[in-house]
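Close look at the chain arrangement
If you want the building blocks of each chain, they are given just below.
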Amino acid sequence: MIYSRPFATLTVYIWKRAQILVAEAWAAFYPASPSTPHPLFPTGAAIHELTMFADYRVPQILHHLRILSYPPALVKLLRAHVPLAPGSPEELAIRTASIVAVERVRQEILRQAEEDDEGSGDDEDVSSVLIDFYLWDLAKRAEGEADGVGGVETAPMLPIHRTRSIWY
Ligand SMILES: Nc1nc2c(c(CN[C@H]3C=C[C@H](O)[C@@H]3O)cn2[C@@H]2O[C@H](COP(=O)(O)O)[C@@H](O)[C@H]2O)c(=O)[nH]1
């Protein structure tokens, strides 16, 4: 994704499809017993090193959960279903913000685990991949519900952002 500003051109790589391939293969073939080696990653998979897979559902639920906040101009674009050009500042901002947000959620989970002294927050057990899976499933479940995710204070559910691209 090429992102140009008046004085700088920056190439931003978002590895969503490569990441989801590895993570879904890891999850789908996860052995029932911890003593059985993983058939695809017998020496272990560094799943905790992956960031979330920057798509359109996870930012939607992050905004609904008030983990991300959007400026009114962006909310207006999303509500009007205006297509966001691939590589546009809006698309890039939504996707990269979702990566940063999930990293912060992960840090917060680790911090709380350490505070509660639950195994003092093992970095490898709390992965952005598992947080992503959780949020994506939650977004799918909340999709048809009038009030989205119930039981917590939320922002109104916005439509997903629309970008024609092969990178999702
Ligand atoms: N970030 C993130 N994106 C995810 C997934 C999954 C499926 N994973 C689940 C499957 C079983 C487990 O329970 C996993 O949770 C699909 N997608 C993406 O969504 C898009 C399709 O969406 P829709 O238009 O609504 O069908 C498409 O770009 C696809 O690549 C995920 O987990 N995280």
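Residues numbered from 1 in each chain as written. Predicted model: local features only at pLDDT ≥ 70, side-chain atom pairs only at ≥ 80, totals over all residues. Heavy atoms only, no water.

**Looking at the site of the ligand**
Around the ligand lies a shell of 14 residues, among which Lys16, Glu24, Arg57, Asp132 and Lys140 are the nearest. In this structure, an oxygen atom belonging to the ligand sits 2.5 Å away from a side-chain N or O atom of Lys16. Note that an oxygen atom of the ligand is positioned 3.3 Å from one of the side-chain N or O atoms of Trp136. Among the elements of the structure, α1 (16–28), α2 (57–64) and α5 (128–142) are those that each provide at least two residues to the shell around the ligand. Considering each element in turn, the shell around the ligand owes the most residues, 5 residues, to α5. (Near = heavy atom within 4 Å. Polar contact = N/O pair within 3.5 Å; in protein donor to acceptor, adjacent residues only side chain to side chain. Helix = DSSP H or I, 4+ residues; strand = E, 2+ residues; numbered from the N terminus.)

**Regarding the confidence of the model for the protein**
Per-residue confidence for the protein averages 91 on the pLDDT scale, and 93% of its residues sit at or above 70. No element of the protein has a lower mean pLDDT than strand β1 (residues 2–5), which averages 62, and none a higher one than helix α3 (residues 72–79), which averages 98. (pLDDT = per-residue confidence, 0-100.)

**What to know about the pattern of salt bridges**
Summed over all chains, the structure comprises 5 salt bridges. The partner of Arg57 in a salt bridge is Glu143, and the shortest N-O contact between them spans 3.2 Å. Placement of the pair is Arg57 in helix α2 and Glu143 in the segment after α5, with a sequence separation of 86 residues. On the basis of relative accessible area, Arg57 is assigned to the buried category, the value being 10%. Residue Arg111 is joined to Glu108 by a salt bridge in which the shortest nitrogen-to-oxygen separation is 2.7 Å. You can see Arg111 and its partner Glu108 sitting in helix α4 (residues 89–115), 3 residues apart, about one turn around the helix. Counted as one network, the salt bridges with shared partners bring together Glu108, Arg111 and Glu115. (Salt bridge = Lys/Arg side-chain N within 4 Å of Asp/Glu carboxyl O. Buried < 20%, exposed > 50% of the residue type's maximum accessible area, 1.4 Å probe, protein only.)

**Some details on α5**
Relative to the 21 Å expected for 15 residues at 1.5 Å per residue, α5 spans 20 Å between its end C-alpha atoms, a close match to the ideal helical length. Taken together, the buried positions of α5 are occupied by Ser128, Val129, Ile131, Asp132, Phe133, Leu135, Leu138, Ala139 and Ala142. (Expected span 1.5 Å × (residues − 1).)

**Thoughts on the packing of α4 against α5**
Packing of α4 against α5 brings their axes to within 9 Å, and their N-to-C directions diverge by 110°. Taken together, the axis directions place α4 and α5 in an arrangement best described as roughly perpendicular. Handedness of the crossing formed by α4 with α5: right-handed. Along the contact surface, α4 presents Val102, Glu103, Val105, Arg106 and Ile109, while α5 presents Ser128, Ile131 and Leu135. (Axes fitted to C-alpha atoms, helices over the stretch in contact; angles between N-to-C directions. Parallel < 35°, antiparallel > 145°, perpendicular 65-115°, else oblique. Left-handed = near helix turned anticlockwise from the far one by under 90°. Contact = heavy atoms within 4.5 Å.)

**Considering the packing of aromatic side chains**
If you walk through the whole model with that rule in mind, you get 4 aromatic pairs. The ring of Tyr168 is capped by Arg95, whose NZ or CZ atom sits 4.0 Å from the centre of that ring. (Phe/Tyr/Trp six-rings, centres within 6.5 Å; stacked < 30°, edge-to-face > 60°. Lys NZ or Arg CZ within 6 Å of the ring centre and 35° of its normal.)

**Let's talk about α3**
Of all the positions in α3, only Leu74, Val75 and Leu78 are classed as buried. Relative to the axis of α3, the buried residues are bounded by an arc of 100° and lie together on one face. Exposed side chains of α3 directed beyond 90 degrees from the buried face belong to Pro72, Ala73 and Lys76. Contacts made by the buried residues of α3 are with α4. Looking one or two residues beyond α3, the residue adopting positive phi is His81, at roughly 60°. (Arc of directions from axis to C-beta.)

**Quick look at the nonpolar core**
Counting residues in each nonpolar core, the largest one holds 28 residues, and the members touching the most others are Ile61, Leu62, Tyr70, Val102 and Leu135. For this core, the secondary-structure elements that each account for two or more residues are α2, α3, α4 and α5. Counting residues per element, this core draws most heavily on α4, at 6 residues. Core analysis: the second largest hydrophobic core is formed by 7 residues, Ala23, Trp26, Ile47 and Leu50 among them. (Core = buried A, V, L, I, M, F, W, Y, C linked by side-chain atoms within 4.5 Å.)

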